[in-house]
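Summary of the model geometry
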Amino acid sequence: MTMHVTMTVNGSEVERDIEPRVLLVHFLREDLGLTGTHWGCDTSNCGTCVVQLDGEPVKSCTVLAAMADGHTVKTVEGLEQGGQLDPIQQGFMEEHGLQCGFCTPGMMLTARALLDRSPNPSEGEIREAISGQICRCTGYATIVRAVQWAAEHEGADAAGGGPTNGQLETEGAHA
Amino acid sequence: MQIPAPFDYARAASVDEAVALLARYGEDARLIAGGHSLLPMMKLRLARPEWLIDINALDELDFIRRDGNRLRIGALTRHRTLLDSDEVRALFPIITDAERVVADPVVRNRGTIGGSLCQADPAEDLSTVCTVLGAEAVIHGANGDRVIGMEDFHRGPYETAVEFDEMLTEVRLPIRERSSSAYEKVERRVGDWAVAAAGAGVTLAEDGTIADIAIGLTAVGVETRVADAEAVLRGRHPSDELIAQAGQAAARAAEPLADQRGSEEYKRHLADALTQRVVRRSIARIQTTGA
């Protein structure tokens, strides 16, 4: 059986004919070429495959692409807008929120969803939000700081004075 | 790469359509909601349905509704919704306790109460919670609804009273005066299955004696309420000594299996300690809220 799916991925409508058993993570990576979403443990434990489905983080290795039919998906490729990094991405750079980068896309999508509903989360809330995702490099401390950095700088971004690609060199002014 | 075996997929637009599809495709069809139990089993070929019937579009089953002396929860209500519900926290804090430790926050965005109950994993939390709360399960089939208690619903590991052409649509929880509840789980890390967990629901009489009590255990080989532990406390004024005796009774009732999560002895110890804690917390919550 082949089925036709249509969904909005990072703001663009996509359609494909797929087998029902195709998992969303593989649909994104292989059918759409969006390899920023990583594929890890296959058991919904590690969380590297997290994307947003209708604005909520989900583990895309445990969602069928068929289940996203008619819905909206956001991947790490959709965070940057018009050459301007999302404050979450900027925060991960400023605070060294990544080393190997494997967990990073999933962490950033979860963090983005957290800040969307809770603009000033406590450290505890940040740690809770990412508790279903594993990082083997950072010990999480720098990830938490990256999310805090983003929370602190979102207002500036909304006011038009936000970070741009030309300002990515870390200045340490926020430390 | 773990990928399910091939299957056909249908999306139900109503409860009746879902049930009709189940009847049409027979025992080789399965409903899928959150999918966080079923899809991992399908990847490992522990489950191999020929048909998946997606019920995620059934918004009619996503509700939390007070209806007189009961709270009605739709089967498609996500764990996240239950965890965030102030009404649930006020009436049944055991649910909030348990939802805080069901899987992890991202999984909770997808997983549903109906899926958890129908999966009936021995280490699953909500079966214990619903048993302790005296829940009724509403099961819909071609001939309409039937309503059964959790004792009849939950038949054992991975087994429920839901027939292949039926679906769980709702859970109904009785609201009682001067009552509260609590749940506590020990897990090795976030998202892991329980090493052991315990839940309690307590109703106090006007004179402070325990009018009614329900105690349940998770992941230690006990599928029903722990009658021996309840009997220690029912009708009595709660005291440290009696609560300790109830904990010991729970430990005796437990039939845990030693595995990588712990020895039999350790799990029995947890059954004892966690039972004591949830009984104490339930009583304290009644006294705090004056409910």
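One structure accompanies this document, and this report is about it. (Residues numbered from 1 in each chain as written. Chains lettered and ligands numbered in written order. Predicted model: local features only at pLDDT ≥ 70, side-chain atom pairs only at ≥ 80, totals over all residues. Heavy atoms only, no water.)

1. Side note on the pattern of salt bridges
For the coordinates displayed, the defined rule picks out 32 salt bridges over all chains. Of the charged contacts in the structure, one is a salt bridge between Asp104(B) and Lys59(A), with a shortest N-O distance of 2.6 Å. Here Asp104(B), found in the loop between helix H5 (93-99) and helix H6 (105-108), pairs with Lys59(A), found in strand S4 (residues 56-59), and the two come from separate chains. Grouping residues by exposure puts Asp104(B) and Lys59(A) together as buried. Ionic pairing is found between Arg112(A) and Asp86(A), a salt bridge with its closest N-O pair at 2.8 Å. In this pair, Arg112(A) is assigned in helix H3 (residues 104-117) and Asp86(A) in the loop between strand S5 (72-74) and helix H2 (87-94), connecting sequence segments 26 residues apart. Judged by relative accessible area, which is 6%, Arg112(A) ranks as buried. By relative accessible area, which is 10% here, Asp86(A) ends up buried. Bridged by salt links that share partners, the residues Asp67(B), Arg70(B), Arg72(B), Glu170(B) and Arg172(B) form one connected network. (Salt bridge = Lys/Arg side-chain N within 4 Å of Asp/Glu carboxyl O. Helix = DSSP H or I, 4+ residues; strand = E, 2+ residues; numbered from the N terminus. Buried < 20%, exposed > 50% of the residue type's maximum accessible area, 1.4 Å probe, protein only.)

2. Re the nonpolar core
Counting residues in each nonpolar core, the largest one holds 34 residues, and the members touching the most others are Met7(A), Val9(A), Leu24(A), Phe27(A), Leu28(A), Leu64(A) and Val73(A). When residues of this core are traced back to their parent elements, those giving at least two are strand S1 (3-9), strand S2 (12-18), helix H1 (24-31) and strand S3 (50-53) of chain A together with helix H2 (38-43) of chain B. Beyond its immediate stretch of four places on either side in the chain, Leu24(A) contacts Met7(A), Val51(A), Ser60(A), Val63(A), Leu64(A), Ala65(A) and Ala68(A). Grouped together as the second largest cluster of nonpolar side chains are 32 residues, Ile95(B), Leu117(B), Leu168(B) and Tyr183(B) included. (Core = buried A, V, L, I, M, F, W, Y, C linked by side-chain atoms within 4.5 Å. Contact = heavy atoms within 4.5 Å.)

3. Thoughts on the interface of chain B and chain A
Between chain B and chain A, the residue contacts involve 32 residues of the former and 33 residues of the latter. Taken together, the two surfaces of chain B and chain A that pack against each other cover about 2,600 Å², and 60% of this comes from carbon and sulfur. If you look at where chain B meets chain A, you find 5 salt bridges. Its salt-bridge partner being Arg80(B), residue Glu56(A) comes within 3.0 Å of it at the nearest N-O pair. On the surface where chain B and chain A come into contact, there are 11 residue pairs in polar contact (both at pLDDT 80 or more). Those elements giving two or more residues to the side of chain B that touches chain A turn out to be strand S1 (8-11), H2, strand S3 (51-54) and H6 of chain B. Here the side of chain B that touches chain A gets 4 residues from one element, more than from any other, and that element is H6(B). Here the side of chain B that touches chain A is composed, by residue class, of 16 nonpolar, 6 polar and 10 charged. (Buried area = accessible area lost by both parts, 1.4 Å probe. Polar contact = N/O pair within 3.5 Å; in protein donor to acceptor, adjacent residues only side chain to side chain. Nonpolar A, V, L, I, M, F, W, Y, C, P; charged D, E, K, R; others polar.)

4. A word on the sheet that holds strand S6 (residues 136-141) of chain B
Residues and elements named next belong to chain B. Taken in spatial order, the 5 strands line up as S4-S5-S10-S6-S7 in an open sheet, and their pairing is antiparallel. At either margin of the open sheet sits one strand with a lone partner, and together these are strand S4 (64-67) and strand S7 (144-149). Averaged over all pairs of adjacent strands, the angle between their axes in this sheet comes to 25 degrees, without regard to strand direction. Sheet analysis places strand S5 (residues 70-74) next to strand S10 (residues 167-174), joined by 5 bridges and oriented antiparallel. Within S10, the residue paired with Arg72 across the bridge is Arg172. (Pairing = 2+ DSSP bridges. Axes fitted to C-alpha atoms, helices over the stretch in contact; angles between N-to-C directions.)

5. Some words on the sheet that holds strand S2 (residues 29-32) of chain B
Residue and element names in this part refer to chain B. Ordered by their spatial adjacency, 3 strands build an open sheet running S1-S3-S2, and the pairing between neighbours is parallel. What marks the edges here is a single partner per strand, and that holds for S1 and S2. Shown here is a sheet whose adjacent strand axes are inclined to one another by a mean of 25 degrees, direction ignored. As judged from the 4 bridges shared by S2 and S3, these two strands associate in the parallel manner. Looking at the pairing, Leu31 lines up with Ile53 of S3. Sitting on the sheet, helix H1 (residues 15-25) touches S1, S2 and S3, and the angle it makes with S3 is about 175 degrees.

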